[in-house]
Amino acid sequence: MYNAVIGFPRVGKLRELKFASEKYFRGEVSKTELKKTALEIRTENWKRQKEYGIHYISSNDFSYYDGMLDTAVLLNAVPECYKKLHLDELDTYFAMARGYQGEAGDVPALAMKKWFNTNYHYMVPELDASTKIALSGTKPFDEFLEAKEQGLLTKPVIIGPFTFLKLARYQARTKAADFTKDICAAYGTILTKFQELGAEWVQFDEPALVTDMTKDDINLAENLYNGILQQKGSVKVLLQTYFGDIRDCYETVLKLDFDGIGLDFIEGRKTMELVKQYGFPKEKVLFAGIINGKNIWKSNYKKVIEQIKEIKEYAENVVLSTSCSLLHVPYTLAYEEKLNPKVKQYFAFAVEKLLELQELSVLTECDDYNNEKECVNNQQVFEQERLYQDIEVKNQVANLSEDMFVRTPERKQRQEIQKKTFGLPSLPTTTIGSFPQTQEVKRNRTNYKRGNIDKAAYDKQVFAFIKECIEKQEEIGIDVLVHGEYERNDMVEFFGENLAGYVFTEKAWVQSYGTRCVKPPIIFGDIKRIRPITVEYSAYAQSLTDKPVKGMLTGPVTILNWSFPREDISLKEMAYQIGIAIREEVLDLEKAGISIIQIDEAALKEKLPIRKSDWYCEYLEWAIPAFRLCHSGVKPETQIHTHMCYSEFNDIIHDIDNMDADVISFEASRSKLTILDAIQESGFETEVGPGVYDIHSPRVPSVDEIVEALQKMLTKIDKNKLWVNPDCGLKTRGIPETDASLKNMVEAARRVRSQLSC
Ligand code: GLN
Ligand code: ZN
């Protein structure tokens, strides 16, 4: 059986591209050196896939920064402001990715957005009246030829026109339809070119087909491909979809003149059903995405083979493929030296997934596959007793009663009690939690991690930072203080380290955007809190002041969303397990005298399902209760805060309110504040702290500016419900601008407050 890979990780096995690019940005290496690193990465990726006998290997899956950005440049969708810099091709590209400030001019970067339901971010192409879509670059052709010279006939991959147009941002009253004619011509030319170069297959990635599609969307996709496929000549075209099923357009797609269709059998809940119901044309090839491209677990061979057999009852030509690009998993397990072999045997990163494809291609052809060595070995992993199972935790989750999810008394009553307890002024000021992580703070952590100092010495330093931080906030005059989060640099890893069931990798990096990679921890077993996590830091901070100090925790949904989850139990069960652990921490904080506790849910929206019809049944139905589970046990006078790093939650505003926090802070200064209308209209009960200044830039906001922002907020929000805080944590900022900004914030709150009372 043939096999295929949709795309391979492109930052290099040890993040070589990241380091080379960052050096290039700092002027430490030349463009030639950067290009050399890029070539080495592509070459190695191809070589590896060839070694594992992959039949359909992709080219043009490499990117210096992002595939959407590559496509925008390829289609000449480069906004004037970047062209005007008159930089060369690569530097113009980087200017779009990162912004440019220098001799040639001063332009901001394109916007960046989350790529469907992943933690990867793409650059948003900008189209306006002056955009003339036309084939203008050579990257896909160059890389195809490069592979050809290395003896490989690859299938070039390009983001398809529908996804491109759906994700682009339209300026100056333009719309997708204005560009369809030109885009058809451009993609047609791409196909012609590939035909000339001797390509057999070209892959168009169309993840946007798995979203909720309107009639107009379906028409658009149909028109685009009718136009493009007329020009395909002898090249075969693979329509590649992923991240879900294409239930809204399956029949339409079958009728189009594609030679292959790639379907996701992992995340596409309805994919099998669609194939069964509508069949699959025998002249087309079905690229069946059964090897999970998003998670790090080994495939269960027996199950995969059975699934292939089932698919083959409906489709004649089936190719075994990954469910999406392998870009979303780490490169290889080979560098993980510290993982317990009993744990490691369960994992397959990108390279190991190649082996799975290879072995499965052979096994599916064997009648007696059950007795083949590869299958027997694979089954052994799944049949043995697994480490870190905790029956107590399982029972605890199974026996959670309704009242564990409901805090009493109801919020309005609590808010009254809390007003009396805390006696805070109106428009109370606070921050989101972290204070600048200075060189000193980082050095302390590194020294501890490297074993240069012991835990006692480390904590002594942390306590000193906390003391300084509390004194500073008192001096500035903030009302609700924080301890500064000097003991952590990561919102999830820090908690994971104190939870049984978590395992950590050394080199398992995954690209998040551009040169930024993340190393998500892995939920391997049942989660249980091993020891109090933050209590001593918060209690110490509280001992230094009469003002309330907020305890600072990460919420269960965020911890889950920023980890690789298990596949043997449900997301809901994991969220509840983590919820119970955080609940224990919340109650311990309360016992230690912490009267305000913030539970951050920075990533709550991240895994909201792509289709609206799945929002509740697949996600919100357990995600919101998991949060409530954390805090339902506290006293009425204990105030629960939460924080989100974005404000686009208009669509789920009732669910956010249903988290039943007393106060929520969120990002607001860069957004258009439509959320304030939604808050007003929905009768939102939670008190709110829309960020009054942007912490992503070192700029110090003036008092007047903040006063103005607050006044605007007060036109929509009850003065008894408004808090004053920055957008997010301050850990990436420097001390001088942080002090200055916070002083201005406090002054602005005082000014507006005094206007309120008169
Ligand atoms: N409490 C965290 C901080 O202040 C929140 C970070 C975040 O929202 N990403 O850093
Ligand atoms: Zn934030």
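Everything below is about the structure shown above.
Residues numbered from 1 in each chain as written. Chains lettered and ligands numbered in written order. Predicted model: local features only at pLDDT ≥ 70, side-chain atom pairs only at ≥ 80, totals over all residues. Heavy atoms only, no water.

### Re the nonpolar core
Judged by nonpolar contacts, the single largest core of 114 residues is most densely connected at Trp115, Phe164 and Phe347. Among the elements that make up this core, the one with the highest residue count is helix 8 (residues 180–197) (eight residues). With near-sequence residues (within four places) excluded, Phe347 lies in contact with Ile296, Trp297, Lys298, Leu333, Leu339, Val503, Ile522 and Phe524. Counting 98 residues, the second-largest nonpolar core is a separate cluster that includes Tyr458, Tyr576, Ile594 and Leu742. (Core = buried A, V, L, I, M, F, W, Y, C linked by side-chain atoms within 4.5 Å. Buried < 20%, exposed > 50% of the residue type's maximum accessible area, 1.4 Å probe, protein only. Helix = DSSP H or I, 4+ residues; strand = E, 2+ residues; numbered from the N terminus. Contact = heavy atoms within 4.5 Å.)

### As for the coordination of the zinc ion (ligand 2)
Listed as protein donors to the zinc ion (ligand 2) are His643 (NE2), Cys645 (SG) and Cys728 (SG); their distances from the metal cover 2.1 to 2.2 Å. One can describe the donor arrangement at the zinc ion (ligand 2) as irregular, given that its four donor atoms subtend angles of 78 to 121° at the metal. What makes Cys645 partly exposed here is its relative accessible area of 32%. (Donors = N, O, S within 2.8 Å, 3.2 Å for Na, K, Ca; no water. Tetrahedral: all angles 85-135°; square planar, octahedral: opposite > 155°, others 65-115°.)

### Re the site of ligand 1
Taken together, the neighbourhood of ligand 1 is formed by 13 residues, with Ser434, Glu485, Asp600, His643 and Cys645 sitting nearest. Residue Ile432 places a main-chain N or O atom 3.1 Å away from a nitrogen atom belonging to ligand 1. At a separation of 2.8 Å, a nitrogen atom of ligand 1 approaches a polar side-chain atom of Glu485. Relative to its free-state accessible area of 290 Å², ligand 1 is covered by the protein chains to the extent of 93%. (Near = heavy atom within 4 Å. Polar contact = N/O pair within 3.5 Å; in protein donor to acceptor, adjacent residues only side chain to side chain. Areas by Shrake-Rupley, 256 points an atom, 1.4 Å probe, with all protein chains shown as cover.)

### Things to note about the pattern of salt bridges
If you walk through the whole model with that rule in mind, you get 60 salt bridges. Between Asp245 and Arg247 there is a salt bridge; the shortest N-O distance is 2.8 Å. By relative accessible area, which is 23% here, Arg247 ends up partly exposed. With a closest N to O distance of 3.0 Å, Asp662 and Arg414 form a salt bridge. (Salt bridge = Lys/Arg side-chain N within 4 Å of Asp/Glu carboxyl O.)

### Topic: the pairing of strand 18 (residues 522–529)
Within strand 18, seven of the eight residues are buried, which leaves the element mostly enclosed by the surrounding structure. Where strand 15 (residues 499–503) meets strand 18, four bridges bridge the pair, whose relative direction is antiparallel. The residue of strand 18 that forms the bridge with Leu499 is Arg529. (Pairing = 2+ DSSP bridges.)

### Focus: the side chain of Glu590
Tracing the backbone through its elements, the reader meets Glu590 in helix 23 (residues 571–591). Although Glu590 lies buried, it forms no salt bridge, and the closest oppositely charged side chain, Lys635, sits 4.9 Å away as judged by the N-O distance. A polar side-chain atom of Glu590 sits 2.6 Å from a polar atom in the side chain of Thr638. Setting aside chain neighbours within four positions, we find Glu590 in contact with Ile597, Gly633, Val634, Lys635 and Thr638. (Lys, Arg positive; Asp, Glu negative; His and termini not counted.)

### A closer look at the sheet that holds strand 8 (residues 155–159)
Taken in spatial order, the eight strands line up as 1-14-13-12-11-10-8-2 in an open sheet, and their pairing is parallel. Here the strands that pair on one side only, and so sit at the sheet edges, are strand 1 (3–4) and strand 2 (58–59). Here helix 14 (residues 350–363) sits on the sheet and contacts strand 1, strand 13 (285–291) and strand 14 (317–322); the angle it forms with strand 14, its principal contact strand, is near 155°. (Axes fitted to C-alpha atoms, helices over the stretch in contact; angles between N-to-C directions.)

### Observations regarding the sheet that holds strand 19 (residues 550–554)
As summarised here, the arrangement of the five strands in space is 19-20-21-22-23, forming an open sheet in which the pairing is parallel. The outermost strands of the open sheet, each flanked by one partner alone, are strand 19 and strand 23 (687–690). Taking each pair of neighbouring strands and ignoring which way they run, the sheet shows an average axis angle of 20°.

### What about the packing of helix 12 (residues 301–312) against helix 14?
At a closest axis distance of 11 Å, the pairing of helix 12 and helix 14 adopts a crossing angle of 55°. The pairing of helix 12 with helix 14 is recorded here as oblique in orientation. Here the hand of the crossing between helix 12 and helix 14 comes out right-handed. Contacts between helix 12 and helix 14 involve Tyr301, Val304 and Ile305 on the former and, on the latter, Leu355, Glu356, Glu359, Leu360 and Leu363. (Parallel < 35°, antiparallel > 145°, perpendicular 65-115°, else oblique. Left-handed = near helix turned anticlockwise from the far one by under 90°.)

### Things to note about the environment of Ala168
Topologically, Ala168 is positioned in the loop between helix 7 (161–167) and strand 9 (169–170). Once the C-alpha coordinates of Ala168 and Glu283 are considered, the two residues, 115 residues apart in sequence, prove to be 34 Å apart. In this structure Ala168 touches Val124, Pro125 and Leu127, once residues within four positions along its chain are discounted.

### Considering helix 12
The end-to-end C-alpha separation of helix 12 is 16 Å, in line with the 16 Å expected for twelve residues at 1.5 Å each. When helix 12 is considered as a whole, its buried residues turn out to be Tyr301, Val304, Ile305, Ile308 and Ile311. Down the axis of helix 12, the sector holding all buried residues measures 120°, keeping them to one side. For helix 12, the secondary structure elements touched by its buried residues are helix 11 (271–278), strand 13, strand 14, helix 14 and helix 15 (373–383). (Expected span 1.5 Å × (residues − 1). Arc of directions from axis to C-beta.)

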